[in-house]
Amino acid sequence: FQGGQRIWDIRGARARDAAAEAGIVNQQFVATLNAKQQFFNVLAARESQIAAAAQLEQAEQQRRTSVALARARQATRSDSLRAEIQVRNAQLAVSDTRNSLETSEASLTRAVGADELVTAAPGDTLSEGLAMSDSDLAALAERGPLVTQSESLLRAARAANTMAWTDYLPSASLSYSRGGTGDAADLRVPSDLRYTGALRLSFSVPIFDQLQREERQVQSSVAEDNAQAELRDARLAAREGIVRWLGTYHVAGERVQAQIATVEAAEEDLRVQQQRYAVGGSTLLDVLTSQTQLNQARRDLIQARYDQRVAKAQLEALVGRGL
């Protein structure tokens, strides 16, 4: 018996084992979050590529209209030159989005650790939404992987602190031995052995060890205080994360709906301006302004979708489960 050290050592080892398992779960969701972000980057790059292709098609259509009007002397040569600039800019946008898609696919391939190139299947990942209410998500975040790991580390620190106090307790040692002796003319074991037994019991009381016990006790007490502070911070971080990412998710969802309507309105506005320009009812500047507004609306829609996807992935990492 050594003052109960082994008992608390076992408890501390079990707590550290639980903390390690919680840490594995936490790292799994961190890795999953990274892979999802790369996946969403591919989706955003593909959506940008589609938007750039639409921009190029509209610019080429406008160039044909401007050239035809210029030849008919219903528009100036400046209009055709401006339309040509818009085509060149749209071509550059297509090249940029193609390069962005290839880069995003390479990052996704690295994130999942695949030997072959990995890409994202086209499609929207926002249709299902969240599988539970905000209050349920907040409750799950209080028991998320990071909080669970901090709780296990606190239990391990408490066990280590208790074990440090066992250095002040006495140690006891109990042993028993039994042996037999006898005489024989050869090497065979004699049959008339004389047996004796001995029971030994000893106590050791620690008196002074150059303040090493005090040093270990202070260190373990500080470690427990630190573990308590880390657990409190983990809980506060979970609450902060829920508030932040739930807000981001809902706001991004509202932005998605608003930008869908904005894109539809901008497309209709561009169509009207192009028709008016073809019959001389508006200038090329009006058409270019409408085109710029449409391009910006498309970019804002892509960014809003990306923000909502990332916010959902962050929420899944916080609660430790898929949503």
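Quick look at the structure, then. (Residues numbered from 1 in each chain as written. Predicted model: local features only at pLDDT ≥ 70, side-chain atom pairs only at ≥ 80, totals over all residues. Heavy atoms only, no water.)

What follows covers the overall build of the protein chain. The helix and strand inventory of the protein chain stands at six helices and two strands. Along the chain direction, N to C, the helices and strands of the protein chain fall in the order α-α-α-α-β-β-α-α. Evaluated residue by residue, the protein chain yields a buried proportion of 35% over its 323 residues. Considering only contacts in the protein chain between residues 6 or more positions apart, those separated by 24 or more positions represent 80%. Accessible area for the protein chain stands at about 19600 Å²; split by element, carbon and sulfur atoms hold 53% of it. Across the protein chain, the mean location of the 37 positive side-chain charges is 1 Å away from that of the 40 negative side-chain charges. (Helix = DSSP H or I, 4+ residues; strand = E, 2+ residues; numbered from the N terminus. Buried < 20%, exposed > 50% of the residue type's maximum accessible area, 1.4 Å probe, protein only. Contact = heavy atoms within 4.5 Å. Areas by Shrake-Rupley, 256 points an atom, 1.4 Å probe, with all protein chains shown as cover. Lys, Arg positive; Asp, Glu negative; His and termini not counted. Charge placed at Lys NZ, Arg CZ, Asp CG, Glu CD.)

We now examine helix 6 (residues 284-319). For helix 6, spanning 36 residues, the distance from its first C-alpha to its last is 53 Å, which sits close to the expected 52 Å at 1.5 Å a residue. Most of helix 6 sits out of view: 26 of its 36 residues are buried. Backbone geometry just after helix 6 places Gly-320 at a positive phi near 75°. (Expected span 1.5 Å × (residues − 1).)

Take a nonpolar patch on the surface next. On the surface, a cluster of nonpolar side chains totalling about 650 Å² of accessible area is made up of Leu-174, Tyr-176, Leu-199, Leu-201 and Phe-203. The set of elements that each furnish at least two residues to the nonpolar patch consists of strand 1 (171-181) and strand 2 (194-204). With respect to the secondary-structure elements, Leu-174 resides in strand 1. (Patch = residues over 30% accessible without salt bridge, like charges linked within 9 Å, V, L, I, M, F, W, Y side chains within 5 Å. Salt bridge = Lys/Arg side-chain N within 4 Å of Asp/Glu carboxyl O.)

Moving on, we come to the pattern of salt bridges. Scanning the model with the defined rule gives 12 salt bridges in all. Across the salt bridge formed by Arg-239 and Glu-142, the nearest N and O atoms sit 2.7 Å from each other. Here Arg-239, found in helix 5 (residues 212-278), pairs with Glu-142, found in the loop between helix 3 (134-141) and helix 4 (145-165); they are 97 residues apart in sequence, far enough to count as distant. Through salt bridges with shared partners, one network takes in Glu-47, Arg-305 and Arg-309.

Here we come to helix 3. Regarding helix 3, the residues found buried are Leu-137, Leu-140 and Ala-141. Buried residues along helix 3 cover an arc of 100° about the axis, so they all sit on one side. (Arc of directions from axis to C-beta.)

Now for the packing of helix 5 against helix 6. For the pair helix 5 and helix 6, interaxial distance at closest approach is 7 Å and the crossing angle is 160°. What the angle tells us is that helix 5 and helix 6 run roughly antiparallel. With respect to the hand of their crossing, helix 5 and helix 6 are arranged in left-handed fashion. Across the contact of helix 5 with helix 6, the residue classes break down as 22 nonpolar, 13 polar and nine charged. (Axes fitted to C-alpha atoms, helices over the stretch in contact; angles between N-to-C directions. Parallel < 35°, antiparallel > 145°, perpendicular 65-115°, else oblique. Left-handed = near helix turned anticlockwise from the far one by under 90°. Nonpolar A, V, L, I, M, F, W, Y, C, P; charged D, E, K, R; others polar.)

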